[in-house]
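Report on the structure
Given next are the chains, with one letter for each unit.
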2 protein chains.
Amino acid sequence: MTNVELARRVGLSAPPCLRRVRRLEEAGVIRGYHAEVEPAALGWEVTFFALVGLESQKESVLRAFEAMVAAWPEVRECHMIRGGGDFLLRLVARDTAHENALTARLTSAPSVSRVQTLQTIRTSKDLAGVPAEG
Amino acid sequence: MTNVELARRVGLSAPPCLRRVRRLEEAGVIRGYHAEVEPAALGWEVTFFALVGLESQKESVLRAFEAMVAAWPEVRECHMIRGGGDFLLRLVARDTAHENALTARLTSAPSVSRVQTLQTIRTSKDLAGVPAEG
DNA sequence: TCTGAAACTGCCAGGAG
DNA sequence: CTCCTGGCAGTTTCAGA
């Protein structure tokens, strides 16, 4: 969207509207801008999640796991879960074989004691970010 | 990013670069553009996931559940999970009390038999979309 | 290559603290 | 009185043909 279009929608002239956006960017409220792509069109047919349990809850072990998956491009998200030594990952794979390979790599990774894959059949809702002023 | 900046990065002049982008948009490879915002800055302090099990695997029940959470603004994602009658949700909440209320609403919703909340302690990786040509 | 439009920069005015 | 915020005008750059 152009700035003048945005200004028109919020009922403001263009320059102060642009200044507001700049302020939001510098304040970190707006972290950036992205193009939203179609995964299947780029050859990423499978999206799945993985619940990973580690053998230890030591901070060094947790950090090591996070560093490992940070280097895997197929891992898109890594969330530490309350309750001790568990992570929820979102991964993408080119096909089912690729997905199996990724799961195997996770299972055999250091300090990993348990891997539960959550394969998505269909996604009925997929919105980014948060509600617009709820 | 401006088109000329994009063209410079990919080593192309502006007009053909723009034509390529337009083709990707029309082909559906690029679904749209959006700003990435900081949830905490807008008052959404808590992000959590929920694994929801339903009492039935009947399609009508699944659709009814999807329709229900589609109307909840706090539910940002809803993925049906292979294995039968399970869903993985991503939710945001204003605070812990709000989170508890959302969990309670889920637990007491029609056809819901089980709710396991996955509260995120920290997120070490959070990338949108898919790898850029992996 | 060329034209219209949009992004951006000063400067000024008005209102709230 | 000062600061914040919005509007106006001019310049530069970009989008689109």
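A brief look at the structure comes next.

**Overview of the relation of the copies chain A and chain B**
When chain A is fitted onto chain B, the two copies agree to an RMSD of 0.3 Å after a turn of 180° and an axial shift of 0.1 Å. Considering both components of the superposition, the chain copies are consistent with a two-fold axis. For chain A, the residue whose C-alpha comes nearest the rotation axis is A:H34, separated from it by 2.6 Å. In this assembly, 100% of the residues forming the interface of chain A have copies in chain B that are likewise at the interface, indicating an isologous arrangement.

**Focus on the side chain of A:E66**
Tracing the chain through its elements places A:E66 in helix α3 (residues 59-70). Residue contacts for A:E66: discarding those within four places in its chain leaves A:C78, A:M80, A:F87, B:R122 and B:S124.

**Side note on the packing of aromatic side chains**
Applying the stated criterion across every chain yields a total of 2 aromatic pairs over all chains. For the pair A:F65 and A:F87, a centre-to-centre distance of 4.8 Å together with 35° between the ring planes defines the contact as tilted. With A:F65 in helix α3 and A:F87 in strand β4 (residues 86-93), the pair connects residues that are 22 residues apart, well separated along the chain. In this structure, A:F65 and A:F87 share a single accessibility class: buried. Above the plane of the ring of B:W44 lies B:R94, whose end atom (NZ or CZ) is 4.2 Å from the centre.

**A few points about unusual backbone geometry**
All names here are of chain A. Although it is not a glycine, S111 adopts a positive phi angle of roughly 70°. Residue position: S111 is located in the loop between α4 (96-107) and β5 (112-126). You can call S111 partly exposed: its relative accessible area is 28%.

Analysis parameters
- Residues numbered from 1 in each chain as written.
- Chains lettered and ligands numbered in written order.
- Predicted model: local features only at pLDDT ≥ 70, side-chain atom pairs only at ≥ 80, totals over all residues.
- Heavy atoms only, no water.
- Least-squares fit on C-alpha atoms with pLDDT ≥ 70 in both.
- Contact = heavy atoms within 4.5 Å.
- Helix = DSSP H or I, 4+ residues; strand = E, 2+ residues; numbered from the N terminus.
- Phe/Tyr/Trp six-rings, centres within 6.5 Å; stacked < 30°, edge-to-face > 60°.
- Buried < 20%, exposed > 50% of the residue type's maximum accessible area, 1.4 Å probe, protein only.
- Lys NZ or Arg CZ within 6 Å of the ring centre and 35° of its normal.

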